[in-house]
Amino acid sequence: MAIHLCENNIFVLETKNTHYVIGVDRYGHNRHLHWGKKCDINDYFIEYIGDENSNHTMLDDYHQEYTPFGGTMYRDCTVKAEFSDKCREISLKYDGYMLDGNTLSLTFSDKVYPLEIILNYKAGDDDDIITRWTTLKNNGSDKIRFEKLFSAEYNLPSKKPYTFKNTNGAWGGEFLETNSVLEGGSMVFESRRGTSGHNQSPYFIAYQNADEKSGDVYFATLAYSGSFKVSASRDLFRTTRVILGMNDFDFAFELLGGESFETPEVYSGYVQGFGEMSRQMNKFAIKNILPKSFNKKTLPVLYNSWEATEFNVNVQNQIGLAERAAEMGVELFVMDDGWFGKRNNDRAGLGDWFVNREKFPNGLDELINRVNELGMDFGIWVEPEMVNADSDLFRAHPDWAYHYDTRTASELRHQLVLNMTRKDVQEYIFGVLDDLLSNHNIKYVKWDMNRPLSETGAENLPCPQMLWYLHTKAVYDIVDKLKAKHPETAFESCSSGGGRSDLGALTHFDQAWTSDNTDAVDRMVIQKGYSLIRPIKTMRAWVTDIAWIIKPATLDFRFNIAMQGSLGIGGNLLKYSDEDLETCKKYISLYKEIRDLVQFGDLYRIMDIDKDEISVNQYVNGEKTESVVFIAANGTRFYKKKVPLIFDGLDENRRYTLTIGGKQYEKSGAYLMNVGIDIMVRGAYYNEIVRIHSV
Ligand code: DGJ
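Calculation notes
- The residue numbers shown here count from 1 along each chain, following its written sequence.
- Where totals are concerned, whole chains, interfaces and linings use all residues; where local detail is concerned, this predicted model gives features only for residues with pLDDT of at least 70, and gives and counts side-chain atom pairs only at 80 or more.
- Hydrogens and water molecules were not included; the side-chain quantities draw on all heavy atoms of the structure.
- A run of H or I in DSSP counts as a helix once it spans at least four residues, and a run of E counts as a strand once it spans at least two, with each numbered from the N terminus.
- A simple rule labels every residue: compare its accessible area, found with a 1.4 Å probe on the protein chains alone, to the largest value its type can have, and call it buried under 20%, exposed over 50%, or partly exposed in between.
- Where accessible areas are quoted, they stem from the Shrake-Rupley method and a 1.4 Å probe; at the residue level, only the protein chains shown are allowed to cover.
- Here Asp and Glu are counted as negative and Lys and Arg as positive; His is not counted, and neither are the chain ends.
- To locate a charge, take atom NZ for lysine, CZ for arginine, CG for aspartate or CD for glutamate.
- DSSP-based pairing: two strands are paired if at least 2 bridges between them are found.
- Under this scheme, a helix contributes an axis fitted over its contacting stretch, all axes are lines through C-alpha atoms, and angles between N-to-C directions fall in the 0 to 180 degree range.
- A single heavy atom is enough: if one lies within 4 Å of a molecule or strand, its residue is considered near that molecule or strand.
- Two N or O atoms form a polar contact when they lie within 3.5 Å of each other; inside protein one atom must be a possible hydrogen donor and the other a possible acceptor, and for residues adjacent in sequence the pair counts only when both atoms belong to side chains.
- Think of a patch as exposed residues, more than 30% relative accessible area, with no salt bridge, where like charges cluster within 9 Å and nonpolar side chains (Val, Leu, Ile, Met, Phe, Trp, Tyr) cluster within 5 Å.
- The working definition used for a salt bridge is a side-chain nitrogen of Lys or Arg within 4 Å of a carboxyl oxygen of Asp or Glu.
- Whether two residues are in contact is decided by their heavy atoms: any pair within 4.5 Å suffices.
- Orientation categories follow fixed angle ranges, with anything under 35 degrees roughly parallel, anything over 145 roughly antiparallel, 65 to 115 roughly perpendicular, and all other angles oblique.
- Residues were grouped as follows: Ala, Val, Leu, Ile, Met, Phe, Trp, Tyr, Cys and Pro as nonpolar; Asp, Glu, Lys and Arg as charged; and all remaining residues, including Gly, as polar.
- Disulfides are defined as pairs of cysteine sulfur atoms found within 2.5 Å of each other.
- We call a set of buried Ala, Val, Leu, Ile, Met, Phe, Trp, Tyr and Cys residues a nonpolar core when their side-chain atoms join them within 4.5 Å.
- Two aromatic rings, drawn from Phe, Tyr or Trp (for Trp, its six-membered ring), form a pair once their centres lie within 6.5 Å of each other, and the interplanar angle then sorts them: stacked below 30 degrees, edge-to-face above 60, tilted otherwise.
- Two thresholds decide whether a charge sits over a ring: the Lys NZ or Arg CZ must be within 6 Å of the ring centre and within 35 degrees of the ring normal.

## Let's talk about the overall build of the protein chain
When its secondary structure is counted, the protein chain shows 13 helices and 38 strands. Considered along the principal axes of its C-alpha atoms, the protein chain spans approximately 80 × 70 × 45 Å. Counting all 695 residues of the protein chain, 61% fall into the buried class. Counting only carbon and sulfur atoms, one obtains 48% of the accessible surface of the protein chain, whose full area is about 26700 Å². Within the protein chain, one finds 78 positive and 99 negative side-chain charges whose respective centroids are separated by 3 Å.

Right, dumping it as structure tokens:
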């Protein structure tokens, strides 16, 4: 919308429904003044307060946008640096602002040392999202060493405690929500693994009395795939503050004279209800975050070989699977792990990105050509950051993996992590992947990462603690370079499932693998957690046979759940009956009709499997003329049969037709959203897909 410059260095960032107000006081302190509903912009002012007593200073009480360590500011700071003379405090003065359209930059510099800190803000024009990042500049010649370098700080307005929604996930159980009340002290959500990981999430969602449709929700999410930290605290003044950024654990960052650095971005907003948060972030991410090559494109239905053939891939079985996949209507055939080096299990081969001639005697093109003949694109799996000790690459370059000479490097899944901060390693990875893409018709790369970093010795770096950041940056840079050279190739971020699906990854990768857990019942919960703050079209969801489960849900049920993201198929099609194949064909064809609604529409989470025993998710297009509703329940208790289904997101004044439970209806949007229609839910794996069309 607009950024208003008011008197006395007050800046009002106006978004569609909110004001975010910043000021700079007469002492040069950056001050946070308001975040929430819009007020008269002339009412905002900076209050000057005195110290409360000798123990509680006014600096402690200040609401700040970015807090440097120093003076009597004792709370969690966002930046801490050491200058060449060993002074470890920063003391800022205000230098001025720059306004460029919807971007505001406030420049501060140290009163003595040549350090400049610029706070950057971009206000959303058709939403309530404010993008923030911080620029650090060393304008001198001596290096400045940072011990902490966060992206942003937020002050929440209410003095009452907030509840923080985050996740406590795991491999196979990503995005499982937690809700924790913060009354006092601090609450930290973090990763120390070198990747954003499966456990906690790099965001805060702080709320009071909120549900899907109403209540105050403040959120901010960090676009960074490395070790992160989100630290929230509620202090003696009852102020709740949150800082987000690269984790300061085992962290250091050196800025040499003349260098500058931009922290990862944070996307933040204030909205009513979790549903509005998800819808705003979904649209925002499609427009502003996802790589431009595929952000507006509809994603294809893919087949992935992993669950069917695991490491046992070869030209015959892959062609067999491809033929069946094509028959069903699949558009992209992805061959997973096992095609390269001596990769017959997870103990060997990583690093040797050359086709295994025993499995593919005539090279990869025999398969790729057949896949193309069948009318599908071809995609391939790689895990470039890793190496097995049993590989030609490791035998030639044992020093390329992170290690300390005096420590044993842990082999998780029998693999070591390559030192991605080395130039030669980066060149090798770019080189082999570039060759692969240049020599074959490959339209999709699934980039996996199956273990976190450990024993992170990196002798090549003058400041080894920078490796946490540099590793992540190297991954982003290589993907960007490959995408620039091969613009028609899409990239998927996978990390043992959804271990690297943060918005930093999704700035470079076009989609993500959600979870290795493809059990449709578990997926209802996993996918809901994913949908909170990540764009739906990036959520890859496959229909598989989940061989580790005694009896998977019905095929219809599995499709119902997988069709709520970007659909994939991952079962062993060679074992499917004709009837199964027909079922797959039917749903893939239906998915193609509705996928734009799912991938680009607005999601309304109407019922929650954990709370309501039924999962109901409705997707509506921008014009509110088309909608699709997915209803699924794997089992209900207490003979619960009749459930009132109140729809959402429609236009009250339009009339719609729909068929539900075998009955046809024509009703107004107002009726559907206020009275609704009763559905009869019973039986194991009850599921229905309802399409709503405006008349
Ligand atoms: C982990 C991924 O999440 C799976 O989908 C599969 O690609 C395996 N790695 C292959 O090793």
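## Examining the sheet that holds strand E3 (residues 18-24)
Across the sheet, which stays open at both edges, the four strands sit in the order E1-E2-E3-E4 with antiparallel pairing between neighbours. Across the chains shown, the open sheet's two edge strands, defined by having one partner strand only, are strand E1 (2-6) and strand E4 (30-37). This sheet shows a mean twist of 15° between the axes of neighbouring strands, independent of strand direction. Bridging between E1 and strand E2 (residues 10-14) involves five bridges; their strand directions are antiparallel. Paired with Leu5 across the bridge in E2 is Phe11.

## Here we look at the site of the ligand
Among the 13 residues in the neighbourhood of the ligand, the closest are listed as Asp336, Asp337, Lys446, Asp448 and Asp516. Asp336 places a side-chain nitrogen or oxygen 2.6 Å from an oxygen atom of the ligand. Contact between the ligand and Lys446: an oxygen atom at 2.8 Å from a side-chain N or O atom of the residue. Within the complex, the protein chains bury 98% of what would otherwise be the 300 Å² of accessible surface of the ligand.

## Quick notes on the pairing of strand E6 (residues 92-100)
By the bridge criterion, eight bridges tie E6 to strand E7 (residues 103-110) in an arrangement that is antiparallel. Bridged to Leu99 within E7 is Leu104.

## With respect to a nonpolar patch on the surface
On the surface, a cluster of nonpolar side chains totalling about 260 Å² of accessible area is made up of Leu5, Tyr97 and Leu99. Relative to the helices and strands, Leu5 resides in strand E1. A relative accessible area of 38% means that Leu5 is categorised as partly exposed.

## Structural notes on the pattern of salt bridges
Tallied over the full model, the rule gives 45 salt bridges. Taking the shortest distance from any N to any O, the salt bridge between Asp95 and Lys93 comes out at 3.3 Å. Judged by relative accessible area, Asp95 falls into the partly exposed class, the value being 41%. Residue class for Lys93 comes out partly exposed when judged on its relative accessible area of 34%.

## Describing the side chain of Arg605
Among the secondary structure elements, Arg605 is positioned in strand E31 (residues 602-607). Taking the relative accessible area as the measure of exposure, Arg605 reaches 9% and is therefore buried. At 3.1 Å, the side chain of Arg605 and the side chain of Glu212 are in polar contact. Side chain to side chain, Arg605 and Ser278 meet in a polar contact 2.7 Å long. With residues near it in sequence (within four places) discarded, Arg605 still touches Glu212, Phe274, Gly275, Ser278, Lys528, Ser531, Leu532, Val616 and Asn617.

## Overview of the packing of helix H4 (residues 315-328) against helix H5 (residues 365-373)
Taken N-terminus to C-terminus, the directions of H4 and H5 make an angle of 10°; their axes are 10 Å apart at the nearest point. In terms of orientation, H4 and H5 fall into the roughly parallel class. Two secondary-structure elements touch here, H4 through Val315, Gln318, Ile319, Ala322 and Glu323 and H5 through Glu366, Leu367, Arg370 and Val371. Along the lines of polarity and charge, the residues of the contact of H4 with H5 split into five nonpolar, one polar and three charged.

## Points about the sheet that holds strand E28 (residues 511-513)
Pairing is parallel in the closed barrel, where eight strands are placed in the order E21-E22-E23-E26-E27-E28-E29-E30. Averaged over all adjacent pairs, the angle separating strand axes in this sheet is 30°, with direction ignored. The pairing of E28 with strand E29 (residues 539-543) spans two bridges and is classified as parallel. Looking at the pairing, Ala512 lines up with Met539 of E29. Taken strand by strand, H5 contacts strand E22 (332-335) and strand E23 (377-382), and its axis lies near 140° from that of E23.

## What to know about unusual backbone geometry
Phi is positive for Glu310, close to 40°, though the residue is something other than glycine. Relative to the elements of secondary structure, Glu310 occurs in the loop between helix H3 (306-309) and H4. The backbone phi angle of Ser496 is positive, close to 45°, even though this residue is not glycine. Along the chain, Ser496 falls in the loop between strand E27 (490-493) and E28.

## Brief notes about the state of the cysteines
Enumeration according to the criterion identifies zero disulfides in this entry. This cysteine, Cys39, is not joined by any disulfide, and Cys6 carries the nearest cysteine sulfur, 12 Å off.

## Describing the nonpolar core
Ranked by size, the top nonpolar core spans 87 residues in total, and within it Trp339 and Phe559 carry the most contacts. Not counting the four nearest positions on each side in its chain, Trp339 is found in contact with Val313, Trp353, Phe354, Val355, Asn356, Phe360, Leu364, Ile380, Trp381, Val382 and Leu436.

## Describing the packing of aromatic side chains
A full pass over the atoms with the stated rule returns 32 aromatic pairs. A ring pair is formed by Tyr303 and Phe333, whose centres lie 5.5 Å apart and whose planes are at 15°; its orientation type is stacked. On the criterion of sequence distance, the pair formed by Tyr303 in strand E21 (residues 302-304) and Phe333 in strand E22 is long-range, its members being 30 residues apart. For the pair Tyr303 and Phe333, a shared accessibility class is recorded, and that class is buried. Ring pairs connect the aromatic residues Tyr20, Trp35, Tyr121, Tyr154, Tyr162, Phe164, Phe204, Tyr218 and Tyr270, which therefore count as one cluster. Note that Lys481 overlies the ring of Phe430, its terminal NZ or CZ placed 4.2 Å from the centroid.

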